[in-house]
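The chain contents come next:
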Amino acid sequence: MVSRVEWLDAGLELLAAEGAPAVTIERLTGQLGVTKGSYYHHFKSAAGFKTALLEYFETKFTTRLIDAVERTPDVEPAAKLRRLLDLVLSDPDNAALEIAVRAWALQDAEVRAAQERVDRARTEYLKQLCRGLGAAVDPDRFAQLLYLILIGAEQVLPPIGRNELRDIYATTLRLID
C-alpha cells in the first residue's frame, strides 16, 4: 500500500510539473500504480487531499527548513541566515513547485490562505534573523528584500539559475557586512 507521504510527494511532483489542474485522483493513481481505494483510505475526498497537500507543502518547504536551521540555536544569526539560504537554494526543483502553488493561489481561496501563511512564516523568520544581525540596515526591510529576491528570481523568464541566485544573495549580504 502507498503511504500518505508517498501520495503527498506524488501530488507535489505533479503540481510542480503540470500545475494544479493535473493533480487528479486518476493522474495520481496512474503515477503511483495503485487503485482509488488507497487514496480514499488516506484522504476521504479530493478536498481532504488538497488540504493535506497544502499542509504538507507548508511543512516540507517552510517549517522543516526553519527547524533545520534552529537545530543549532546558539549559532549567530548571520550563520543561520546563510544556512537557510543554502537549504533553500539546494533544491533545484523547488522553484517550479513554488510557481505552481502561487499560480494556484490566484484561483483558489484555500490555496491563497495557505500561501499567505507560508509567506508570513518565512518573512517573520527572516525578520527574526535579520534583527539579530546588528547591521546598519533596517532589518525588517532587509528580510523582505531577501525574500522578494527569491520570489522574483522564480518568476522571471528565463529563470535565474541557482548559482546566479547564490551570487545575487552574496552581493546582497555584503550590505550587512
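Okay, so let's go over this structure.

Now for the overall build of the protein. Along the protein, the regular secondary structure elements total nine helices and zero strands. Across its three principal directions, the C-alpha atoms of the protein cover 55 × 35 × 25 Å. Scored against the burial criterion, the 177 residues of the protein give a buried share of 44%. Counting contacts in the protein only where the partners sit at least 6 residues apart, residues at least 24 apart contribute 63% of the total. Accessible surface for the protein amounts to roughly 9500 Å². Of this, 56% is attributable to carbon and sulfur atoms. Taking the 22 positively charged and 26 negatively charged side chains of the protein as two groups, their mean positions are separated by 2 Å.

Our focus in this paragraph is the environment of Ala78. Mapped onto the fold, Ala78 is located in helix H5 (residues 77–89). Of the residues examined, Ala78 reaches a relative accessible area of 25% and is grouped as partly exposed. Each C-alpha atom, one on Ala78 and one on Leu129, is 7.3 Å from the other, the two residues being 51 residues apart in sequence.

Our next topic: empty space enclosed by the protein. All told, the structure shown has one cavity of 30 Å³ or more when counted by the stated rule. Taken as a whole, the largest cavity encloses approximately 220 Å³ of empty space. Leu84, Val88, Arg122, Tyr147 and Leu150 are, among the 17 residues lining the largest cavity, the residues nearest its centre. Residue assignment for the lining of the largest cavity shows that the elements contributing at least two residues are helix H4 (46–70), H5, helix H6 (94–105), helix H7 (109–131) and helix H8 (139–155). The residue inventory of the lining of the largest cavity, partitioned by class, reads 12 nonpolar, two polar and three charged.

Another point: the nonpolar core. Judged by nonpolar contacts, the single largest core of 29 residues is most densely connected at Leu15, Leu28 and Phe49. Elements with a contribution of two residues or more to this core: helix H1 (4–18), helix H2 (25–32), helix H3 (36–43), H4, H6 and H7. With seven residues, the single largest contributor to this core is H4. Contact partners of Leu28, with chain neighbours within four places excluded, come to Trp7, Ala10, Gly11, Leu14, Val23, Tyr39 and Phe49. With 26 residues, the next largest nonpolar core counts Ile66, Leu84, Tyr125 and Leu150 among its residues.

Quick notes on the rules
Residues numbered from 1 in each chain as written. Predicted model: local features only at pLDDT ≥ 70, side-chain atom pairs only at ≥ 80, totals over all residues. Heavy atoms only, no water. Helix = DSSP H or I, 4+ residues; strand = E, 2+ residues; numbered from the N terminus. Buried < 20%, exposed > 50% of the residue type's maximum accessible area, 1.4 Å probe, protein only. Contact = heavy atoms within 4.5 Å. Areas by Shrake-Rupley, 256 points an atom, 1.4 Å probe, with all protein chains shown as cover. Lys, Arg positive; Asp, Glu negative; His and termini not counted. Charge placed at Lys NZ, Arg CZ, Asp CG, Glu CD. 1 Å grid on protein atoms, 1.4 Å probe; cavity = no way out; pocket = protein on both sides within 12 Å on 5 of 7 lines; lining within 4 Å. Points joined across faces, edges and corners; volume = space filled by probe spheres on them. Nonpolar A, V, L, I, M, F, W, Y, C, P; charged D, E, K, R; others polar. Core = buried A, V, L, I, M, F, W, Y, C linked by side-chain atoms within 4.5 Å.

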